[in-house]
2 protein chains.
Amino acid sequence: MLQYEKLFSGAFQHLKGNIIRELYKYTNQPGFISFAGGNPSPATFPNKQLAEIAWEVLMEKKVPCLQYGVSAGQMSLREYIAESLSSEGVPAKAENVVITTGSQQSLDLIAKAFINPGDCVLVENPTYVAALKIFSIYQADVEPIPCDDEGVIPQALEEKLKEKTVKLIYLIPNFQNPTGITIPWKRRQEIMEIVKKYNVVVLEDDPYGKLRYAGDAVPHMKTLDSEQQVIYMGSFSKIIAPGLRVAYVVCDEKIAQKIVLAKQNNDMHTPNLTQLIVDEYCRRGYLEPHLKECRRLYAEKRSMMLDLISKYFPGEMKWTKPEGGLFLWSSLPEGYSSMKLLEYVLPCKVAYVPGESFFVHNDGINTMRLNFSNADTSKMETGLKILGEQISRYLSDGNTK
Amino acid sequence: MLQYEKLFSGAFQHLKGNIIRELYKYTNQPGFISFAGGNPSPATFPNKQLAEIAWEVLMEKKVPCLQYGVSAGQMSLREYIAESLSSEGVPAKAENVVITTGSQQSLDLIAKAFINPGDCVLVENPTYVAALKIFSIYQADVEPIPCDDEGVIPQALEEKLKEKTVKLIYLIPNFQNPTGITIPWKRRQEIMEIVKKYNVVVLEDDPYGKLRYAGDAVPHMKTLDSEQQVIYMGSFSKIIAPGLRVAYVVCDEKIAQKIVLAKQNNDMHTPNLTQLIVDEYCRRGYLEPHLKECRRLYAEKRSMMLDLISKYFPGEMKWTKPEGGLFLWSSLPEGYSSMKLLEYVLPCKVAYVPGESFFVHNDGINTMRLNFSNADTSKMETGLKILGEQISRYLSDGNTK
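Please read these numbers as outputs of a predicted model, since none were measured by experiment.

Trainee: Is there a simple way to explain the overall build of chain A in this structure?
Mentor: Of the regular secondary structure elements, chain A holds 15 helices and 15 strands. Rg of the C-alpha trace for chain A: 21 Å, near the compact-globule value of 21 Å for 401 residues, within the 12% margin. Referenced to the eigenvectors of the C-alpha coordinate spread, the extents of chain A come out at roughly 60 × 60 × 55 Å. Put simply, chain A has 401 residues, and 55% of those count as buried.

Take a look at the structure:
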C-alpha cells in the first residue's frame, strides 16, 4: 500500500480545490441560480462562425493544425496580437508574444520561471483567487498591498518595496477581479514611476479590459513601460470563449524566451487548432462587432443587477458599481460572514462567491463577489430577491461570525 | 533596468531548450532531410474526419464546447478511455482518468504534485529527454537504473530501492524513447513484484503502445497493479495528431484528485473542443481502422529504414530493430561522438538527434536516435546515404571525442 501521507509534494500535501470550482458541485444542479463563477454568457459564444472556421482551418491547414507546433505559439496569431497591442500604445513584435492555454497557464508559467521558494510577490488585496493559489504552490511569500477605491495605494507600494526585495507585483488594473475597481490613469503613472525606481517586474493581468460599459478606456500600464519590466497578460476567454483556452503574454524578449522554456516543459505548445481558429476569427474582422454585442449585453445585465440589488438588498449592504468586467463586489456589515450566509442561501438554490478566499490572509470575511455576465436575466430578479431576503434573515439572526 | 541575473527561479536561471526543439531551427529549412523529431507522419492525419467532427461539435455542443469545463476533463472522453483501458486488462472508471494537454503536461502535473526538491526519481537510461528536463525543473535527484536489451534490470532496480527512498520510477515499457526497446512480459512481472515490495509509484508512459508492427502485444504493467501504485499515461498525439494536444493519465482515484488540483492550477482544463473532437473520433469507430493504416505505413517505413541502414552504414555501426514505435537507436563505435558527427551532417542538410541528452549524466555520447515515422520515403534513401557517407568520413578522420 502506498503511504499517502508522505506521497505528495509539500505544496500538494494539503492543497484544496478553489472555492469557485468547489461551488460548481452545487451550481451545476438544475434550478440553481448562480452568481458565482466568472463565466461569460454562453449567449455570446459565436459558435457558427467558429464552426465554419474550424472546418476550413482543418481542411486548408492540415499540417500546421495537426502536427507539433512551436512552443511560443502560431506565428500568425502572435503577429496579430503584437499589432493589436501596438495599436493600443504598446509597441510589440511577434518575438514579444507567447501564446498560452489560458491566462491561468500564463500565471503558472510566469510563477515557475520567476519564483524561488520564499520570494516575495505583492498583490492587490483582495485579488484573483487562482493567482493566490498558484503563487502559494510555488511557495512565494505573498504580501498584500494596501488598496483604496482606486486600487493599490502608491505610497504603500513604495514602503513595501523599500522594506524588502520583491520578485513580482501582480495587478489587475481594469475591472479588477473580484472588486471591479479600475486603476485611474494618474495612479497608473505613479505606480509605474515607483516600480521603475525599484526595478521590479509587474504582471499586468487584463482579461476584462475590452469589456467596458461606461466611462473612458484607460491606457495599459505597459504603455508606460520604458524599462521593459511589465508582463502584459491578455486572454480570449472572456471575449470569444473560455472553452477554447487561448491567452497570451506580451513582454520583453528575454523574459518571453524564459516563458517559452516553461511552456516547452509544460504542454509543449497550446493546441494549434484552437490557436488557428482564434487567429482566423480575429483576422476576418469578427472580433470588433462581436465585442460590441458583448458590451451591449453585459451593460444591460450590469444595470439590471445594480437596480435589483438596490431594490432587494437591505440598507446595511454596500456594493461597487464597476465600469466594466463581469463582477460586482458587495459587503455585509463588519463582523458578519459571507461564508455563514452561504448556509442560508445554498438551500434556496442561489450561490455567490464568499470573498474571503480572495484575500491573502482570508480576511474580508464579510465580502462577496456577484457575477452578472452569466446570470440569466429571466432569473436574476428571483435570485437577487432570494439573496436579499436571506441576507435580511441572517442579519436579523444576529449571527456575527 | 531589470537585473536579469537575479530575475529567474533557480531552475530557470540556466535552463536551455531541449536539443530536439533546438534542431527545429535547422530541420525547418527547405530541403532538409530530418530523422530528428518524434513526429508522426502528416500523411496519417485524418483531417477531413476531424473537420467534419469539429463543425458538428461546435454546432451541436455549443456550451460544453465553449464554456469553462471541468478540470478533470470531458466526462464522455474519460468514460471512453476508462472503457478502453478496461478492455486491455486495466479496470478503470471515469474517476480514475484525468485528461491533459499532451503527455508532456501529464508529466509536469505529476512532477508538480509529487516531487519535493531532492526527491529521488529513477529512470531508464537513456530515457525521454523532456522527462529528464521536467524532473530537473522540480529539482528531483534523478538516478539511472542500469538497463540491458530488455529494459530495466530487476536486480539493479531492487538494489536502488534498498539503498534509498524513491518517489517515482519512470518507465516507457513499449518501444521505448529513444531505444525502441520493449520490456518483455516476464520482466514486467519481476519489476512489479519489486515495486510492490517497496511501495513506490511507477509512471508507465505509453505513447507508442498501439503502434506495433511485429511480434505480440505485451500487457500493460498496470494490469499487474494490485496495489494501485501505477500511473498509466496515454496519448492521442502519435495515433491521431499531436497538434490537438490531448492525452490522459489513468490512476488511483486519490492520486487522480491531486493531479486534477495540479491541472486546476495550471491550464484549468484542456480545451473542450479538442477533447470533444477526440471523443467523437473514437466513439464513431474511426480510431481502429486509422490505427491499422498507421501501422501499415510505419511498418513499411521501418523496414525501409532498416534495409537502407544495412546498405549504407559502415560495418562499425550498431542499431536496434524495434517492433513498434517511431524510432531506431544507433551507436557509433565507443569513443566517437554523435554531437561531433552532427558538424559533418548538418551542412549536408541531414539531421538526427544525438543521444547524449537522453542520458541522465549525458553519457552515451556515441549514440543517436533516428526517426522513421516522419521520414519522407522518397528522400529516405538520399538522407541515409548521406548520413552513412558522413559517418564513414568522420570515422576515418579518427576524431575520437
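Trainee: What is the right way to read the sheet that holds strand β10 (residues 247-250) of chain A from this model?
Mentor: For sheets, the rule is that strands pair by backbone hydrogen bonds, running either parallel or antiparallel. Residue and element names in this part refer to chain A. Pairing is mixed across the open sheet formed by seven strands, whose spatial order is β2-β10-β9-β8-β7-β3-β4. The outermost strands of the open sheet, each flanked by one partner alone, are β2 (97-100) and β4 (141-145). Taken over all neighbouring pairs, the strand axes of this sheet differ in orientation by 20° on average, direction set aside. Relative to β10, strand β9 (residues 230-235) runs antiparallel, the two sharing four bridges. Paired with methionine 233 across the strands is valine 249, a residue of β10. In the packing of helix α6 (residues 75-87) onto the sheet, the strands contacted are β2, β9 and β10, and the crossing angle to β2 comes to about 120°.

Trainee: Looking at this structure, how should I read the packing of helix α13 (residues 287-312) of chain A against helix α15 (residues 377-397) of chain A?
Mentor: Between two packed helices, what matters for the description is the angle formed by their axes and the separation of those axes. All names here are of chain A. Axis separation between α13 and α15 bottoms out at 9 Å; the angle between their running directions is 30°. As judged from the angle between their axes, α13 and α15 are roughly parallel. In the crossing of α13 with α15, the sense of the turn from one axis to the other is right-handed. Counting all contacts with α13, which are made through Lys301, Met304, Met305, Leu308, Ile309 and Tyr312, the residues of α15 involved are Thr377, Met380, Glu381, Leu384, Lys385 and Gly388. For the contact of α13 with α15, the class distribution of residues is seven nonpolar, two polar and three charged.

Trainee: Which parts of the structure should I look at to understand unusual backbone geometry?
Mentor: As a rule of thumb, non-glycine residues mostly have phi less than zero, and peptide bonds are mostly trans rather than cis. In this chain, Asn125(B) is followed by Pro126(B) through a cis amide linkage whose omega measures 5°. Among the structural elements, Pro126(B) can be located in the loop between β3 (120-124) and α8 (129-137). For the bond from Asn177(B) to Pro178(B), the omega torsion is 15°, close enough to zero to count as cis. Among the structural elements, Pro178(B) can be located in the loop between β7 (168-171) and α10 (185-198). Even without glycine at this site, Gln139(A) takes up a positive phi of about 60°. Located in the positive-phi region is Asn362(A), a residue other than glycine, with phi close to 50°.

Trainee: How should I be thinking about the relation of the copies chain A and chain B in this particular structure?
Mentor: One copy of the chain maps onto the second through a rotation around an axis plus a translation along that axis. Relative to chain B, chain A is turned by 180° and slid 0.0 Å along the rotation axis, the superposed coordinates differing by an RMSD of 0.0 Å. Taken together, the rotation and translation relating the two chain copies correspond to the operation of a two-fold axis. By residue overlap, the copies meet face to face through one surface: 100% of the interface positions of chain A are interface positions in chain B.

Trainee: Teacher, can you tell me more about helix α13 (residues 287-312) of chain B here?
Mentor: Since there are 3.6 residues in each turn of an α-helix, residues three or four apart along the chain are aligned in direction. Here α13(B) is 26 residues long and its end C-alpha atoms lie 36 Å apart, about the 38 Å a rise of 1.5 Å per residue gives. Summarising the contacts, the buried residues of α13(B) are in contact with α12 (272-283), β12 (327-331), β15 (367-371) and α15 (377-397) of chain B.

Trainee: Looking at this structure, how should I read the environment of Ala94(B)?
Mentor: All names here are of chain B. Among the secondary structure elements, alanine 94 is positioned in the loop between α6 (75-87) and β2 (97-100). When the 19 C-beta atoms within 10 Å are taken as the criterion, alanine 94 is described as partly exposed. With 156 residues separating them along the chain, alanine 94 and valine 250 place their C-alpha atoms 8.9 Å apart. Beyond its immediate sequence surroundings of up to four residues, alanine 94 is in contact with Met75, Arg78, Glu79 and Ala82.

Trainee: I'm lost on the pairing of β2(B) in this one. Help?
Mentor: One face of the sheet, then the other: side chains in a regular strand alternate in exactly this way. Residues and elements named next belong to chain B. Burial of β2 is two-sided: the residues Val97 and Ile99 facing one way and the residues Val98 and Thr100 facing the other way are all buried. Summarising the sheet, β2 and strand β10 (residues 247-250) pair through four bridges and their orientation is antiparallel. Bridging across to β10, valine 98 finds its partner in valine 249.

Trainee: Could you clarify how one ought to interpret the interface of chain A and chain B in this entry?
Mentor: Interface size, as often reported, equals the accessible area lost upon joining of the parts. At the junction of the two partners, chain A supplies 67 residues and chain B supplies 67 residues. Its residues assigned to classes, the side of chain A that touches chain B comprises 34 nonpolar, 23 polar and 10 charged.

Trainee: What should I look at first to understand the domain arrangement of chain A in this one?
Mentor: Residue and element names in this part refer to chain A. What the domain assignment reports for chain A is domain 1 (4-45 + 288-397) and domain 2 (47-283). Centre-to-centre separation of domain 1 and domain 2, based on C-alpha positions: 24 Å. A breakdown of the residues in the side of domain 1 that touches domain 2 according to their chemical character gives 17 nonpolar, nine polar and four charged.

Trainee: Hey, could you run me through the confidence of the model for chain A in this one?
Mentor: Predicted confidence across chain A gives a mean pLDDT of 95, with 99% of residues reaching 70 or more. Among the scores for the predicted complex, ipTM is 0.95 and pTM is 0.96.

Trainee: Would you explain the sheet that holds β15(B) in this entry?
Mentor: All names here are of chain B. The sheet built from four strands is open, its strands ordered β11-β12-β15-β14 with antiparallel pairing. Bordering the open sheet on either side are β11 (318-319) and β14 (353-354), each of which pairs with just one other strand. Across two bridges, β11 lies against β12 in antiparallel orientation. Bridged to tryptophan 319 within β12 is serine 330.

Trainee: Which parts of the structure should I look at to understand helix α9 (residues 154-163) of chain A?
Mentor: Residue and element names in this part refer to chain A. Here α9 has its buried residues at Pro154, Leu157, Lys160 and Leu161. Relative to the axis of α9, the buried residues are bounded by an arc of 120° and lie together on one face. Exposed residues lying more than 90 degrees from the buried face of α9 are Gln155, Glu159, Lys162 and Glu163.

Trainee: I would appreciate a short explanation of the packing of helix α4 (residues 47-60) of chain A against helix α12 (residues 272-283) of chain A in the present structure.
Mentor: Residues and elements named next belong to chain A. Put simply, α4 and α12 touch, their axes get as near as 9 Å, and they point 120° apart. Between α4 and α12, the angle falls in the class oblique. When you trace α4 past α12, the crossing you get is right-handed. Contacts between α4 and α12 pair Gln49, Leu50, Ile53, Ala54 and Val57 from the former with Leu273, Leu276, Ile277, Glu280 and Tyr281 from the latter. Residue classes in the contact of α4 with α12 are distributed as eight nonpolar, one polar and one charged.

Trainee: Where do I start with the pairing of β9(A) in this structure?
Mentor: Residue and element names in this part refer to chain A. Counting buried residues in β9 gives six out of six residues, a clear majority hidden from the surface. Of the two faces of β9, the one carrying Val230, Tyr232 and Gly234 and the one carrying Ile231, Met233 and Ser235 are both buried. One ladder, built from four bridges, connects strand β8 (residues 201-205) with β9; its direction is parallel. Counterpart to valine 202 in the pairing with β9 is valine 230.

Trainee: Before we go on, may I ask you to explain the environment of Glu293(A) in this structure?
Mentor: All names here are of chain A. Relative to the assigned elements, glutamate 293 resides in helix α13. For glutamate 293, a count of 13 C-beta atoms within 10 Å corresponds to the partly exposed category. Placed 17 residues apart in sequence, glutamate 293 and leucine 276 show a C-alpha to C-alpha distance of 23 Å.

What counts, and at which threshold
- Residues numbered from 1 in each chain as written.
- Chains lettered and ligands numbered in written order.
- Predicted model: local features only at pLDDT ≥ 70, side-chain atom pairs only at ≥ 80, totals over all residues.
- Helix = DSSP H or I, 4+ residues; strand = E, 2+ residues; numbered from the N terminus.
- Rg over C-alpha atoms; globule rule 2.2 N^0.38 Å.
- Buried ≥ 20, exposed ≤ 12 C-beta atoms within 10 Å, placed from the backbone.
- Pairing = 2+ DSSP bridges.
- Axes fitted to C-alpha atoms, helices over the stretch in contact; angles between N-to-C directions.
- Contact = placed C-beta atoms within 7 Å.
- Parallel < 35°, antiparallel > 145°, perpendicular 65-115°, else oblique.
- Left-handed = near helix turned anticlockwise from the far one by under 90°.
- Nonpolar A, V, L, I, M, F, W, Y, C, P; charged D, E, K, R; others polar.
- Least-squares fit on C-alpha atoms with pLDDT ≥ 70 in both.
- Expected span 1.5 Å × (residues − 1).
- Domains from an automatic or database assignment.
- pLDDT = per-residue confidence, 0-100.
- Arc of directions from axis to C-beta.

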